[in-house]
Amino acid sequence: MILLYLDPGIGSAIIQAIIAGTIGVFYTIKLYGARIKSLFKRKKDEPNKN
Amino acid sequence: MSPIKIEPQNHPASFRDPSGYIFESEGVLYRNINAICADDYNFLLSSGLAQTLFANYSLVPHDEVEFIQQNNSNSYKVIQPQRLPLISYPYEWCFGQLKDAALLTLNVLKVALDHGMILKDASAFNVQFRNGGNPIFIDTLSFTIYKEGQTWAGYKQFCEHFLAPLSLGSFLGVEYLSLWKSSLDGVSLPMASQLLPWYTNLLPSTFMHIHLHSKTVEFYSSKRKPQTEKEGKISKRNLVAMVDQLSSFVTGLNINKKTKTQWQDYDKETHYSEKSRNNKATLVKELVAQVAPRAVWDIGANDGFFSRLIADERRHVLSLDIDPLAVEKNYGYVKEINSNVYPLIFALTNPTPSIGWANKEREKLTNRSKPDLIMALALIHHIVITHNVPFIEVAKYFSSIAEWLIIEFVPADDDKILSLPNTAGKRTYNRENFDRGLLHYYKLIADHKIEGSDRRLLLLRKTV
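### With respect to the pattern of salt bridges
Residue and element names in this part refer to chain B. This model, assessed by the stated rule, comprises 16 salt bridges over all chains. Put simply, Arg315 and Asp312 hold a salt bridge, and the shortest N to O gap is 3.9 Å. When its relative accessible area of 13% is taken as the criterion, Arg315 is described as buried. Here Glu432 makes a salt bridge to Arg436, at a shortest N to O gap of 3.0 Å. Here Glu432 pairs with Arg436, and both are found in helix α16 (residues 431–438), just 4 residues apart, close to one helical turn. For the pair Glu432 and Arg436, a shared accessibility class is recorded, and that class is exposed. Several salt bridges share partner residues, and in doing so they unite Lys280, Glu408, Asp414 and Arg455 into one network.

Spelled out as structure tokens, the structure:
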């Protein structure tokens, strides 16, 4: 157990978990979105390379 | 090296954290690490985290020393951190300084997570400035070993110490940052939530981290705390995503453009011809060289032009001004040129008090900085006339702070004086009374006329 000099607050910990979860989902969507985008980009670029 | 055996003096601000404390012995600053924190401290070193943070000056470097403490059987180790020229407090910082301190805290947290550690807290007092413009983390004992799923215990403190005041500064005005001074813990979430404009409920970051956060804390504060650890779990990936999101939110916060203050455009107003200004700069440099001080307070520094002029590697200057936007501008310059200047918000007529436990936890500025020289350029008429403080009182206070004084005297018939309010101080404002008041505590060393004006620049030394 960590000894803390400040009370992190149960409400704060709960909302932090919810916020981090929400942001995590958005980041994942963003990440996959970027990957999918880059997939299409590569496909588009390929004919030019040849 | 033989162990040092001296009775230490614990620092009055260092008692809350059970992991250790700061103490001073023979003028040297040490940090005691208690046995309870031994694993965390060892992991900080063995994980390579400390070295990474030392390398980019994000964490204050330290040496381990042998130190026998008579009264502490819990001590594991004693370290000697590199001493910084000045300890300043968040309520003395401008918006940009608080913002940079916030970003440093988040960056340190992220690097810590990379190395399997996490910050136990997020106190703004854990950040100081090195070479004026570079924030540095000073609490070596803030790091603890990260356990998968754990929440960041410092999240609420981060929101109170940084996010709430920065949001208020951004959405309302920088004057709201002064709320910091009325509490040792930044701005409470309910207060920030109440003060922020309604539309901040529609912005995801302010809605989540301030409004919703505040409501949830309030809701759960009346509930009995369960003794389980199931009060929220976060995967490391999500925690890192939240830290990134907080960083981009803080990066995007800027001073509210509507903020207008008295002195922000002082520099643009022309009180001096170019010739006078150059001559004043030459005289200031010469007089400072004559004194050769190690520490200087430039009171009423505005954007810090003269502070930067006289600062060098061995001489640091506290560049003090009452106006948050002038300090902001000053900080911007200091960041650019990496100067040994410390811009701070400071009101001469209401100086930073000692606050906190036993009035010792956060000390007044005169306890934290002992300058050899005070520089008061184009200042005394404001104090004597606008604030009605007699010359003799100014001399008494200044001479209690520093041995030397460089002071500019603006004659009574100067346009600047004529535009000041008609107070009792204005009626008695003249060179004769100036001399009478000042020479009560000082002797005159030099008195120069600033070319192209009737203003005078004086060097005075305190009489013993």
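Having seen the model, we can carry on.
### Here's the deal with the packing of helix α3 (residues 95–114) of chain B against helix α10 (residues 324–337) of chain B
Residues and elements named next belong to chain B. Orientation of α3 relative to α10, taken along the N-to-C sense of each, is 50°, at an axis distance of 8 Å. Of the possible angle classes, the one that applies to α3 and α10 is oblique. Between α3 and α10, the residues in contact are Phe95, Gly96, Gln97 and Asp100 and Val327, Glu328, Tyr331 and Lys335, respectively.

### Details of the nonpolar core
In terms of nonpolar packing, the biggest core is built from 103 residues, with Phe143(B), Trp152(B), Phe158(B), Phe398(B) and Leu438(B) touching the most fellow members. With 11 residues, the single largest contributor to this core is α3(B). Both domain 2 (90–252) and domain 3 (274–462) of chain B contribute no fewer than three residues apiece to this core. Leave out the neighbours within four places in its chain, and Trp152(B) touches Gln16(A), Leu106(B), Leu109(B), Ile118(B), Leu119(B), Asp121(B), Ala122(B), Phe158(B), Leu239(B) and Leu246(B). Leu283(B), Met375(B), Ile450(B) and Leu457(B) belong to the second largest nonpolar core, which has 23 residues in total.

The rules behind these values
Per-chain numbering applies: the sequence of each chain, read as written, is numbered from 1 onward. To label them, take the chains in the order written and letter them from A, then take the ligands in the order written and number them from 1. In keeping with the predicted nature of the model, local features appear solely for residues at pLDDT of at least 70, side-chain atom pairs appear and are counted solely at 80 or more, and the whole-chain, interface and lining totals rest on all residues. As a rule here, side-chain values come from all non-hydrogen atoms in the structure, and water together with hydrogens is ignored. By convention in these notes, a salt bridge is any Lys or Arg side-chain nitrogen within 4 Å of a carboxyl oxygen on Asp or Glu. When accessible area is computed with a 1.4 Å probe and restricted to protein chains, residues below 20% of their type maximum are described as buried, those above 50% as exposed, and intermediate ones as partly exposed. A run of H or I in DSSP counts as a helix once it spans at least four residues, and a run of E counts as a strand once it spans at least two, with each numbered from the N terminus. Angles here are taken between N-to-C directions and fall from 0 to 180 degrees, while the axes themselves are lines fitted to C-alpha atoms, restricted in helices to the stretch in contact. Under this scheme an angle from 65 to 115 degrees is roughly perpendicular, one under 35 degrees roughly parallel, and one over 145 degrees roughly antiparallel; angles in between are oblique. In what follows, a contact means two residues having at least one pair of non-hydrogen atoms within 4.5 Å. Residues enter a nonpolar core if they are buried and are Ala, Val, Leu, Ile, Met, Phe, Trp, Tyr or Cys, with the set joined through side-chain atoms within 4.5 Å. An automatic or database domain assignment supplies the residue ranges for each domain.

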